[in-house]
Amino acid sequence: MTDLEAQEREHGFYDFEVYRKFAERVDRLKEKFRVFLELLYRSDKSVLGYGASAKGISLLNYCNIPNHWIQ
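Here we summarise the structure given alongside this text. (Residues numbered from 1 in each chain as written. Predicted model: local features only at pLDDT ≥ 70, side-chain atom pairs only at ≥ 80, totals over all residues. Heavy atoms only, no water.)

1. Remarks on the environment of glycine 51
Convention followed: Only DSSP runs of H or I covering at least 4 residues are called helices, and only runs of E covering at least 2 are called strands; the numbering of each starts at the N terminus.
As for its position among the elements, glycine 51 is in the loop between helix 2 (16–42) and helix 3 (54–62). Separated by 29 residues in the primary sequence, glycine 51 and phenylalanine 22 place their C-alpha atoms 29 Å from one another.

Below you can see the structure in the form of structure tokens.
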């Protein structure tokens, strides 16, 4: 076993449960982010987006954020 493989095993990278829990955390954060942006939008607050980085666009698309929530 290589040092890298030993580290991966130590951190649980070969355990499906680690990835399932990670997916659950991502889903919770996605919902919290969406609720937060919707609350701001419904409160007539402005959320400004500067630039159009691939990461930012990917996040907004993944979270199904409507275009009109971001200025």
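Now, onward.
2. Some thoughts on unusual backbone geometry
A positive phi angle, close to 60°, is found at aspartate 44, a residue other than glycine. Position of aspartate 44 relative to the elements: it lies in the loop between helix 2 and helix 3. Unusually for a residue other than glycine, asparagine 64 sits at a positive phi of about 55°.

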